[in-house]
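Chain by chain, the residues run as shown.
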Amino acid sequence: MTDPSPADLLARYDAQLRDEAELVSAGTKERHGPVLWGVYRGVRGFVTYRDLGGLDAARIEQLVQKTLEHYRSDERITRVEWKTRGHDVAPGLHDALVTQGFVPGAPESVMIGEAAKLAVDVPLPDGAAVELRRVESEADVRRLCEAADEAFGEAVPGMADELLDRLALGRDDLELWIAEIDGLVVCTGRIEPVVGTEFAGLWGGATLAQWRGRGIYRALTAARARSALRRGATLLHSDSTEHSRPILERSGFVKVTTTTPYVWRRP
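Residues numbered from 1 in each chain as written. Predicted model: local features only at pLDDT ≥ 70, side-chain atom pairs only at ≥ 80, totals over all residues. Heavy atoms only, no water.

Comments concerning the overall build of the chain
Along its length, the chain carries 8 helices and 12 strands. On C-alpha atoms alone, the chain measures out to a radius of gyration of 19 Å, which is about the 18 Å that the 2.2 N^0.38 rule sets for 267 residues. Taken over the C-alpha atoms alone, the chain extends approximately 60 × 45 × 35 Å along its principal axes. Looking at the chain as a whole, 47% of its 267 residues qualify as buried. The long-range share in the chain, meaning contacts at least 24 apart out of those at least 6 apart in sequence, stands at 71%. Roughly 12800 Å² of accessible area belongs to the chain as shown, and the carbon and sulfur atoms make up 51% of that amount. (Helix = DSSP H or I, 4+ residues; strand = E, 2+ residues; numbered from the N terminus. Rg over C-alpha atoms; globule rule 2.2 N^0.38 Å. Buried < 20%, exposed > 50% of the residue type's maximum accessible area, 1.4 Å probe, protein only. Contact = heavy atoms within 4.5 Å. Areas by Shrake-Rupley, 256 points an atom, 1.4 Å probe, with all protein chains shown as cover.)

Right, here's the structure in full:
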């Protein structure tokens, strides 16, 4: 059997992983035309859609304005992310978002590949006792988030509480993993199986700067891939930075598109 083409993988991505699938863990969601407005923990907005339904630039501008009005009307919401994809037909979207005060982040590569290609043995650094394990306790989850904040160089307020709330729901759609050396969390990651699809998501992959390039990220990714296979997920997807993209490419993953977050923050 031949490997699926990038075009086939992109079609599966659009059909299975966008729109409703992106807001499974949102506290609330509301549809407005082609988009879904989600809210996490009452303070963080997220905009998603499968496509923009052929809207022209003028109507997209109106949609962005209406979306921001919706979120601004709730004073509890301090941050809104509009997630764009490079292959979407969305005339004027960039300009409309920037005009309304959304700031584009760094583009990332949407990578897709077979879980089995990542579920391999990875040698770990000599002289370091690296422990890979899944975590669920509050203390471990907070340590994971602190390490990820340090690795990314930016704190995500409320993330630990959000992850703990999701674990407490018992839906079994979230696994949190860490790599530890002498009690120090040096690498983090999570896996999110998407119910009713072929996919599980690889998210939150972060390694402390002093431990990069030593195979720890690859080893933690392999552990997550093995867990995904046990759950029946055959494909993995990840929004990858330039640190993680080459690692996935070496394992046979392919880049199917790009994604760029546009973020508005309440003044």
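Some details on the packing of aromatic side chains
With the rule as written, the count across this model stands at 3 aromatic pairs. Their ring planes at 85 degrees and their centres at 6.5 Å tell us that Y40 and F46 sit as a pair that is edge-to-face. By relative accessible area, Y40 is classed as buried at 7%. (Phe/Tyr/Trp six-rings, centres within 6.5 Å; stacked < 30°, edge-to-face > 60°.)

Overview of the side chain of T48
Relative to the assigned elements, T48 resides in strand 3 (residues 44-48). Of the polar contacts made by the side chain of T48, one reaches the side chain of E22; its length is 2.2 Å. Every residue in contact with T48, bar those within four places of it in the chain, is listed here: D19, E22, L23, P34, V35 and L36. (Polar contact = N/O pair within 3.5 Å; in protein donor to acceptor, adjacent residues only side chain to side chain.)

Focus: the environment of S5
Summarising the element assignment, S5 is placed in the segment before helix 1 (6-17). Along the primary structure S5 and V98 are separated by 93 residues, whereas in three dimensions their C-alpha atoms are 34 Å apart.

Brief notes about unusual backbone geometry
The phi torsion at D172 lies on the positive side, around 60 degrees, for a residue other than glycine. Relative to the assigned elements, D172 resides in the loop between helix 6 (159-168) and strand 8 (175-181). On the basis of relative accessibility, which here comes to 49%, the residue D172 falls in the partly exposed class. The residue D182 is not glycine, and still its phi comes out positive at about 50 degrees. Tracing the backbone through its elements, the reader meets D182 in the loop between strand 8 and strand 9 (184-193). On the accessibility criterion, D182 (75% relative accessible area) is exposed.

Some remarks on the nonpolar core
With 29 residues, the main nonpolar core has L118, I181, V186, C187, W211, I216 and L236 as its most contacted residues. Counting only elements with at least two residues in this core, the list comes to helix 4 (115-118), helix 5 (138-152), strand 8, strand 9, strand 10 (199-207), helix 7 (216-230) and helix 8 (245-250). The element best represented in this core is helix 7, accounting for 6 residues. Discounting chain neighbours no more than four positions away, the residues touching L236 are M111, I112, G113, A115, L118, F199, A200, L202, A225, A228 and F253. Ranked by size, the runner-up nonpolar core spans 21 residues in total, among them L63, L68, V80 and L97. (Core = buried A, V, L, I, M, F, W, Y, C linked by side-chain atoms within 4.5 Å.)

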